[in-house]
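Survey of secondary and tertiary structure
Single-letter residue listing:
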Amino acid sequence: MEFRGKNVLITGASKGIGAEIAKLLAQMGLKVWINYRSKPELADSLKSQIESNGGKAAVIGFDATKEEEFIAGIEAILSSDGELGYLVNNAGITNDKLSMRMKVEDFNGVLEANLTSSFIGCRETLKVMRKQGYGSVVNISSIIGEIGNVGQCNYAASKGGMIAMTKSFAKEGGSKAIRFNCITPGFIQSDMTEGLKEEIKQAYAANIPLGRFGSGKEVAGAVAFLLSEHSSYITGEVLKVNGGLYM
């Protein structure tokens, strides 16, 4: 794939889907900035893995929910590389419980971690990318933001809000050719899904037209496409990566 920019910042990139995105984009020639909030050893291990395969990577620690830290992180990247070509807002959490038992702090905590952090990233990179005259952002939402789910009112609100926010940023960035798109993964193989009982996984898979859970690599491929010049006329869109579970 063709990329105009030279580097990418991925929040929450030390493991899971974020790590798969980092590995693929590094293979495609981008310098990957691996963001983490805790457990720097995971980020360092991913960096070593990328570099051992011939890629370029750097580790940058900050809490994406903290405005000052996020801004300082972007400034550090600009100081090092002189540009910030791409951003993937991937950091996020869950805190599941039935709505009638959910406290306001449970609701706001998930919104802050998932939606507010993405807003800060989109806002700050838009400022940078407007001056550069190029750039692309992909926000990692979720199928739950499209269809809702029992016990995930807070998560659904955060991911649904991310979809609407992405469209708004796409309209604001369009005049400067800055693109904002969103990906909504469905059931993806992860540490969380591996903990499910086999019969539960089979029951979920039975409702998926492709008959299986997706992989982090498949999400990463969609991210690479939306960041690249191969999607240069696509902005404000939601790309579903869910095996046909929700069409």
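Residues numbered from 1 in each chain as written. Predicted model: local features only at pLDDT ≥ 70, side-chain atom pairs only at ≥ 80, totals over all residues. Heavy atoms only, no water.

As a further point, take the overall build of the chain. Scanning the chain from N- to C-terminus turns up nine helices and seven strands. Expected size for 247 residues packed as a compact globule is a radius of gyration near 18 Å; at 17 Å, the chain falls within 12% of this value. When burial is assessed residue by residue, the chain has 49% of its 247 residues classed as buried. In the chain, of all internal contacts separated by at least 6 residues, the share reaching a separation of at least 24 is 73%. For the chain, the exposed area adds up to about 11900 Å²; of that, 51% sits on carbon and sulfur atoms. Each charge sign in the chain was given a centre, from 27 positive and 26 negative side chains, and these centres are 3 Å apart. (Helix = DSSP H or I, 4+ residues; strand = E, 2+ residues; numbered from the N terminus. Rg over C-alpha atoms; globule rule 2.2 N^0.38 Å. Buried < 20%, exposed > 50% of the residue type's maximum accessible area, 1.4 Å probe, protein only. Contact = heavy atoms within 4.5 Å. Areas by Shrake-Rupley, 256 points an atom, 1.4 Å probe, with all protein chains shown as cover. Lys, Arg positive; Asp, Glu negative; His and termini not counted. Charge placed at Lys NZ, Arg CZ, Asp CG, Glu CD.)

What follows concerns the pattern of salt bridges. Under the counting rule described, the total for this entry stands at ten salt bridges. Salt-bridge contacts for aspartate 106 lead to lysine 97; the nearest nitrogen and oxygen are separated by 3.2 Å. You can call lysine 97 partly exposed: its relative accessible area is 29%. What you see here is one network of salt bridges that share partners, running through Glu67, Arg123, Glu124 and Lys127. (Salt bridge = Lys/Arg side-chain N within 4 Å of Asp/Glu carboxyl O.)

Looking now at the UniProt feature "binding site: NADP(+)" (unreviewed entry) in the chain. Annotation from UniProt places "binding site: NADP(+)" (unreviewed entry) at Asn90, Tyr155, Ala156, Ala157, Ser158, Lys159 and Ile188. Following the sequence through the fold, tyrosine 155 ends up in helix H6 (residues 153-173). In this structure tyrosine 155 comes out as buried when scored by relative accessible area, which is 15%. In contact with tyrosine 155, other than residues within four places in its own chain, are Ile93, Thr94, Val110, Asn114, Ser142 and Ile144. Mapped onto the secondary structure, serine 158 falls in helix H6. Ignoring any residue separated from it by four or fewer positions in sequence, one finds serine 158 in contact with Val110, Leu111, Asn114 and Leu115. (UniProt positions renumbered as here; feature names shortened; annotations may be inferred.)

Turning our eyes to something else, we now look at helix H4 (residues 104-132). Compared with the 42 Å implied by 1.5 Å per residue over 29 residues, the 40 Å span of H4 between its first and last C-alpha is a close match. Bending of H4 peaks at approximately 40° at the position of glutamate 112. One or two positions beyond H4, positive phi appears at glycine 133, with a value near 85°. (Expected span 1.5 Å × (residues − 1). Bend = angle between axes of the 7 residues up to and from the residue.)

Below, the discussion takes up the packing of aromatic side chains. Applying the stated rule across the entire model yields six aromatic pairs. Where phenylalanine 62 meets phenylalanine 70, the ring centres are 4.9 Å apart and the plane angle is 40°; that geometry is what we call tilted. Here the two residues phenylalanine 62 and phenylalanine 70 agree in accessibility, since each one is buried. Every member of this aromatic cluster is reached through a ring pair, and the members are Phe119, Phe169 and Phe180. (Phe/Tyr/Trp six-rings, centres within 6.5 Å; stacked < 30°, edge-to-face > 60°.)

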